[in-house]
Amino acid sequence: MADPKGFLTHDRELPQRRPVDVRIRDWREVYDAFPAEKLTRQAARCMDCGIPFCHNGCPLGNLIPEWNDLVYRDDWREAIERLHATNNFPEFTGRLCPAPCEMACVLGINADPVAIKRVEVEIIDRAFAEGWVTPQPPLARTGKKVAVVGSGPAGLAAAQQLTRAGHDVVVFERADAIGGLLRYGIPEFKMEKRNIDRRIEQMVAEGTEFRTGVHVGVDVTAAQLRAEFDAIVLAGGATAWRDLPVPGRDAEGVYQAMEYLPPANKGFGDSSISAQGKHVVVIGGGDTGADCIGTAVRQGAASITQLEIMPKPPADRPGSQPWPTFPMLFKMESAHEELAELGGDRVYAVSTTEFVKDAEGRLAALRLVDVEGPAAGFKPVPGTEREIPAQLVTLAMGFLGPEKGGLLTELAELSAGEFFDPRGNVARNRSYQTGVDGVFAAGDMGRGQSLIVWAIAEGRSAAAAVDEYLTGQTALPVAIPPTARPLV
Ligand SMILES: Cc1cc2nc3c(=O)[nH]c(=O)nc-3n(C[C@H](O)[C@H](O)[C@H](O)COP(=O)(O)OP(=O)(O)OC[C@H]3O[C@@H](n4cnc5c(N)ncnc54)[C@H](O)[C@@H]3O)c2cc1C
Ligand code: SF4
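On a predicted model such as this, the values are computed, not experimentally measured, just so you know.

## Some points on the pattern of salt bridges
Taken as a whole, this structure holds 37 salt bridges when the rule is applied. E66 is the partner of R82 in a salt bridge, and the nearest nitrogen-oxygen pair spans 2.4 Å. Of this pair, R82 sits in helix α6 (residues 76-84) while E66 sits in helix α5 (residues 64-72); the two residues are 16 residues apart in sequence, bridging distant segments of the chain. Given a relative accessible area of 32%, E66 falls into the partly exposed group. A salt bridge links D197 to R183; the shortest N-O distance between them is 2.7 Å. Here R183 lies in helix α11 (residues 181-184) and D197 lies in helix α12 (residues 194-206), a separation of 14 residues in the sequence. We classify D197 as partly exposed; its relative accessible area is 35%.

## Digging into the side chain of S271
Topologically, S271 is positioned in the loop between α14 (257-267) and β7 (279-283). According to the relative accessible area criterion, S271 is buried, its value standing at 14%. One polar contact links the side chain of S271 to the main-chain amide nitrogen of A264, over a distance of 3.5 Å. Within polar-contact distance, the side chain of S271 engages the backbone oxygen of I273 at 3.1 Å. In this view, S271 contacts P263, A264 and Q299; residues no more than four positions away in its chain are not counted.

## Comments concerning the environment of L162
Looking at where L162 falls in the secondary structure, it is placed in helix α10 (residues 153-164). Along the chain, L162 and D467 lie 305 residues apart, while their C-alpha atoms are 6.9 Å from each other. Once residues lying within four places of it in the same chain are set aside, the contact partners of L162 are V146, H167, V169, V233, A463, V466 and D467.

## Re the sheet that holds strand β12 (residues 386-389)
In spatial order, the strands read β10-β11-β12; together these three strands make up an open sheet with antiparallel pairing. Each end of this open sheet is capped by a strand with a single partner; those strands are β10 (350-357) and β12. Across the sheet, the axes of successive neighbouring strands diverge by a mean angle of 30 degrees, strand direction being ignored. The pairing of β10 with strand β11 (residues 363-370) spans seven bridges and is classified as antiparallel. Each residue of the ladder has a partner; that of K357, found in β11, is L363.

## A closer look at the site of ligand 2
Taken together, C58, N62, I64, T93, C97, A99, P100, C101, I116, K117, E120 and V453 make up the full set of residues near ligand 2. Elements with a contribution of two residues or more to the shell around ligand 2: α8 (100-103) and α9 (116-130). Here the shell around ligand 2 takes three residues from α9, the largest share from any one element. Classifying every residue of the shell around ligand 2 gives eight nonpolar, two polar and two charged.

## Regarding the side chain of E192
The residue E192 is located in the loop between α11 and α12 in this model. Note on E192: relative accessible area 12%, which makes it buried. Of the polar contacts made by the side chain of E192, one reaches the backbone nitrogen of E29; its length is 2.8 Å. Dropping the residues within four chain positions of it, E192 is found in contact with R28 and E29.

## Details of the pairing of β7
Regular strands have side chains that alternate between both faces of the sheet. For β7, the tally of buried residues reaches four of five residues, placing the bulk of the element in the interior. The sheet contact formed by β7 and strand β8 (residues 303-307) spans five bridges and is parallel. Along β8, the bridge assignment pairs V280 with I304. The β-α-β motif built from β7, the intervening helix α15 (residues 287-299) and the parallel element β8 has right-handed crossover chirality.

What counts as what
Residues numbered from 1 in each chain as written. Chains lettered and ligands numbered in written order. Predicted model: local features only at pLDDT ≥ 70, side-chain atom pairs only at ≥ 80, totals over all residues. Heavy atoms only, no water. Salt bridge = Lys/Arg side-chain N within 4 Å of Asp/Glu carboxyl O. Helix = DSSP H or I, 4+ residues; strand = E, 2+ residues; numbered from the N terminus. Buried < 20%, exposed > 50% of the residue type's maximum accessible area, 1.4 Å probe, protein only. Polar contact = N/O pair within 3.5 Å; in protein donor to acceptor, adjacent residues only side chain to side chain. Contact = heavy atoms within 4.5 Å. Pairing = 2+ DSSP bridges. Axes fitted to C-alpha atoms, helices over the stretch in contact; angles between N-to-C directions. Near = heavy atom within 4 Å. Nonpolar A, V, L, I, M, F, W, Y, C, P; charged D, E, K, R; others polar. Right-handed = clockwise from strand over helix to strand, strands pointing away.

These figures come from the coordinates and say nothing about function on their own.
This is the structure in structure tokens:
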């Protein structure tokens, strides 16, 4: 423990977000730089607990107290070694993770937790700036070939681990660029795409091959892939979205969040679906909804309203969600701050009953009603029916699992047991292997809609299983079994 009094003498501090009126004029990340001396004080708050619960809070098992101590002692080079030992991509998690580690931090029992995520991102950004993130090609090659389907965080983590273990790895991606939801779901203002590009450069230099624009199951069959490769890792995500089949759903102007966000992420403001000058309604109160808000703000929406069917969550931990669980709390993301400053609304316990169309079939308004909580089955509250104007609606109501058909249907026919689990995700045994010999599944495709940190943890773990399958042994680390779940 670097500073035995650090947690008593320093308060938690995070970098400032750039002023709303400035940041909404560009697409860059919202946070200002954080001076090194401030970060050292934040690292000094870590108590180096005998039992660091943060390790368990983090699905990757990041060695948090160790790198806090190294940052405090100004040994950044060793800090990135220790961070990379458990996390292939701290630049993604350090920016985007909801930080369940901080909710499990022991200091958080009676004070503000250590700013773990901020220390994490500063370590990796410093490492890139100093030129310490270099390719780590394998010392020997095995001659075994592995196909990874999908280039989100799960596929990338699996590919990097397997390439470094000496296998010939090809990543297939149906989109025109690598990154999965990091690339076309998550907006630039949360993570600039250069963070993905520089990591891909490292992976290419290590020997990983990327083939974009290849839809496996359409452009190439599963049978062809199995004939060409010794093992396959399915990492195609959980991209089947939840819909809202109420009257008027076919109105022009109603889009799924993942129809709206990708063109905005490609063109930054110059999007085929623009919110400019429109009354925008975002249905869904989660992270995806917040990403739609931030995007619509930057496109110049006339007004934005966010609707959520659940009641407003509490600001502080309720007794039913005690430390060290990850509580469902009211969040003020950067996009919510922008919404508030521009006079928009976040409306809770409300349900959409109809998309109202004009004579040309274009969306004109939304018909709403207040509802009672989930215990009452979201029963409508009589007398609360109303309409709000809307020309653009984005549906951000979550995802139902992987897309069926094509690749998965073909593999399901070959499966020795049930290919899908009861929730419709791809079923795996304890070694991440599906019912088809040599075919493994990692990330949202096996777990269902989740988080980047879980996807990386699964990708790393599945890589260890594939390595063992191909060579009979492995030195690759296993972060989690496929059955691991968040502490809630
Ligand atoms: C808008 C949005 C914002 C989010 N924000 C956050 C956040 O801030 N923090 C966080 O932790 N999590 C966030 N998430 C969740 C997180 O992005 C996912 O949990 C994570 O990306 C899952 O990783 P994955 O590798 O399993 O799949 P994905 O990232 O979904 O990648 C799967 C890839 O596989 C490709 N693919 C699918 N099928 C095929 C095929 N047959 N052939 C070729 N390619 C195929 C897809 O095109 C895609 O690129 C967000 C999700 C969304 C939708
Ligand atoms: S990856 Fe997420 S949970 Fe793990 S240390 Fe980083 S912020 Fe915390």
